[in-house]
Amino acid sequence: MSFISYPFLVLFAVVWLACWLLPFRFVNPFLLLASYVFYGWWDWRFLALLGFSSVVDFICGKLLDGGVAEERRSDVLAVSVVVNLGILALFKYFDFFIDSFCEVVATVGIEMPPPLLRLVLPIGISFYTFQTLSYTIDIYRRKMSSTCRFLDFLLYVSFFPQLVAGPIERATSLLPQILTPRKFDWEQISSGCQLALVGFFKKMVIADNLAPFIESVYGNGGASNGLAVVLATYAFAIQIYCDFSGYTDIARGVARMIGFELCQNFNLPYFATNPSDFWRRWHISLSTWIRDYLYVPLGGNRGGRFRVIRNLIITMFLAGLWHGARWNFVIWGLYHGLLLGIFAVIHDIRVKKQGTTGSHPPEPKLNRVGFWLSVLGFFHLTCLGWLIFRAESFASIVKLLRSVLEVWHWSLLNIDPNFVVRLALLGIPLILFQCYQFKRGDHEPWVGWSLTTRVVFYVVLFYGIVLLGSPERHEFIYFQF
Amino acid sequence: MSSSIFSSDSATRGAQRKPVPHGLLLAIVAVAVIEAALCFVDIPFDASRIFLPRDRPPTVVETIMETKLQAANSIGNAPDVLLLGDSSGLMGLDPRVMSGRVGKDVFNLCSISLIGADGQRAILERYIRTHGRPSVIVYHYAPHDLRYTADDLANWKFRQSVYLWLAASDGQAVEAESYRRDEFRVLPSQRFRDAVQRRLFFVFDRPQNLNTPRGRFGSHHEMVEQVLNQDGFMQEVNEDETDEPRDLNLAMPESQEAALDALLDYVDRIGVPIFLVSNPLPAYAKTDATLESLRRQQQQLQQIMARHEQAAILLPEQRFLPRESFATLNHLRPSAAAQNSKEIADLIKGGGLIHE
């Protein structure tokens, strides 16, 4: 079930009433049922997979928390990791690797038809796999205790607001909220409603209205003129941000209305001045997950410069692969790994020059001009990454880049004026509003506005969604991951 | 402990005492007032964008509909022979060939089968309002396309668009009616979505959309010019090589019978003779099952004809032609269309069917 659907509005109305009218002992089972209905709406058969993954990790959690001898704990963790990543590999990566392998051996003259499984990818599998893995790893690391409440654990894995596209919640944050009775609070409900409204606006008005134009350029196999590619890439930067952060806002808003606080997933990412800053602002729940469970175990910032760069590239390669079984995601991950590596070297040199010491020396302060130049520069590096991310094949990446670089072939002709107008009308107010949020250092500045301003803001958002929401429904981009 | 708002838990009750969110509540009231007011507002609807969307080249079918509706809506003199019907007539009856045979004015108003007989009647009514009555109407149909059900026609929405176009061209349609019926509508404001999007996003007409070629059919402008220069006739450009025996289901659903009945009622009222002509079928479809189904269709048609004094079937025997005559199952190739036109014209002339 998608957030952008009438069945969801009905389901949520029922859930909201149930959450605040039922005695607490019935609320979590009801939320679990609603979460399974929400997920099963797409394909009920994948509920078994979700349930299986949850059961395995519940049992592993119990065993890790005193259920087995100390020396067997790593075996139990290995079972959890192998089962979860095994399911993910089977459904998401098997065909990709087999196909790629067959293509490689074909280049040396060995022709073999790839034995593809052609399995349908269960929606949100990458998100709930990482979420449930964090539970067993945290217990293994003795950061938390296992829960003995099976239904509550099932709800932790399947909690519907964030099940299919995050944020990837840690058990240390979400499980205690599930176990504790929620308090009815009008202000919390009101702010959740506002946040969800902002999310719907970002998704339905901004992201969905830009989508057809971007598709017309990128879906063209890279055969567009360079200026169109540049505009479409700017538009895609806006689209993917509004699509994904819009989903997060809806998820956080909806969760807040029923008494839960989910983690922040975005922090004005296009105000990043460098790659490290970007990953502290973009898809925060994933970047912190890979930092804690991948980068740090690999060695993190410890060791020499080469070792750090190696760790960054491996981590970002896997982060790219997490997004999907396609080479452009892998290249995108490596690209960001490379940017992080280069930045680490530059940062190292600058810190040494300034004579700062410590394991995590602060990034040097930038003056105002330097800051905005860094923001602008890094935004364009991010856009180059988005071009790689959005392209449909490796050949397409090459064609798109070539058309951008051949500046002398850029032409205003053949660019749909509707595209330019829509990009300006949707992009400029968004940028201005983000500047305002950045200046105030507040993600929900409307909370502090005067009553009249707030009323106007809500009404404008509401009618924006009703009247300007794209007539074509575009699925959330991150659902495919 | 309970999470209920009716809980006796002190902490929960404490939370309940917090002030209600005035901003949100006032916004809800404002929306309610605006929605109530919008129930009484409407704005005229621009007919030209029904079949000529602003943001993409029109499809071939959209071009056909726009051209035929423009022809029906423009003021002029009625021809002696008016050709009405679906695309089998559009591409199977050449008025210039027929005119040469009968020595009378002939005009082809045929469009597509996806609007059903009631859509054809709506176009005919408008044509007669703007041109007056012809001496004879020839209703040309593809036997295989009489099978469409009421649901099929409703789902394709072409018929609904024809009604809307005709109403809008009279200034009687409003934005509210253009709202897509397949979308669940809750609020009165949703009726204005298209209009608001057009105005706020400054949707530009793209002249190049109407000049964009659509495969073998050429651009919208090229097609309009061709149809106008050929008195409403359009040449089929496809070349289908199908030769597999094929059983056709030709049974008419009740809705089609009723629509055809209503069309013939109208023709009775205006007192113009109408002759039904079935498009030839390809020889590869002449199977036992097709013939059985055809017998049933012809019985249905005869029963309808019996109720109308002005209506008759021009060719009681279904014609089957070699595959080479066909571009698609329902469309004749240009050479076969010329032959078909001569045959129909000769029957009209020979039978003395045109009253002076």
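**Concerning the domain arrangement of chain A**
Reports of interface size often rely on the accessible area that becomes lost once the parts have come together.
All names here are of chain A.
Part 1 of the reasoning: Segmentation of chain A into domains returns domain 1 (6-182) and domain 2 (188-480).
Part 2 of the reasoning: Taken over C-alpha atoms, the centre of domain 1 sits 26 Å from the centre of domain 2.
Part 3 of the reasoning: Each side of the interface is counted separately: domain 1 has 39 residues, and domain 2 has 35 residues.
Part 4 of the reasoning: When domain 1 packs against domain 2, the two sides together hide about 3300 Å² of surface, and 70% of this comes from carbon and sulfur.
Part 5 of the reasoning: Linking domain 1 with domain 2 are one salt bridge, by the criterion used here.
Part 6 of the reasoning: Applying the counting criterion to the domain 1 and domain 2 interface returns 16 residue pairs in polar contact (both at pLDDT 80 or more).
Part 7 of the reasoning: Counting residues per element, the ones that place at least two in the side of domain 1 that touches domain 2 are α1 (6-21), α4 (73-107), α5 (125-140) and α7 (171-179).
Part 8 of the reasoning: It is α5 that contributes the most residues to the side of domain 1 that touches domain 2, seven residues altogether.
Part 9 of the reasoning: The residue inventory of the side of domain 1 that touches domain 2, partitioned by class, reads 26 nonpolar, seven polar and six charged.

**Considering the packing of aromatic side chains**
A ring pair, where both rings are aromatic, is described by two values, the distance of the centres and the angle of the planes.
Part 1 of the reasoning: The full count for this structure, using the stated rule, is 64 aromatic pairs over all chains.
Part 2 of the reasoning: Positioned above the aromatic ring of W322(A), the side-chain terminus of K92(A) is 5.5 Å from the ring centre.

**A few points about unusual backbone geometry**
Part 1 of the reasoning: A positive phi is found at L268(A), a non-glycine position, where the angle reads about 45°.
Part 2 of the reasoning: Counting through the fold element by element, L268(A) comes out in the loop between α9 (226-257) and α10 (275-279).
Part 3 of the reasoning: The buried category is assigned to L268(A), whose relative accessible area is 5%.
Part 4 of the reasoning: Despite not being glycine, D231(B) shows a phi value in the positive range, around 50°.
Part 5 of the reasoning: As for its position among the elements, D231(B) is in the loop between α13 (220-229) and α14 (254-270).

The rules behind each value
Residues numbered from 1 in each chain as written. Chains lettered and ligands numbered in written order. Predicted model: local features only at pLDDT ≥ 70, side-chain atom pairs only at ≥ 80, totals over all residues. Heavy atoms only, no water. Domains from an automatic or database assignment. Contact = heavy atoms within 4.5 Å. Buried area = accessible area lost by both parts, 1.4 Å probe. Salt bridge = Lys/Arg side-chain N within 4 Å of Asp/Glu carboxyl O. Polar contact = N/O pair within 3.5 Å; in protein donor to acceptor, adjacent residues only side chain to side chain. Helix = DSSP H or I, 4+ residues; strand = E, 2+ residues; numbered from the N terminus. Nonpolar A, V, L, I, M, F, W, Y, C, P; charged D, E, K, R; others polar. Phe/Tyr/Trp six-rings, centres within 6.5 Å; stacked < 30°, edge-to-face > 60°. Lys NZ or Arg CZ within 6 Å of the ring centre and 35° of its normal. Buried < 20%, exposed > 50% of the residue type's maximum accessible area, 1.4 Å probe, protein only.

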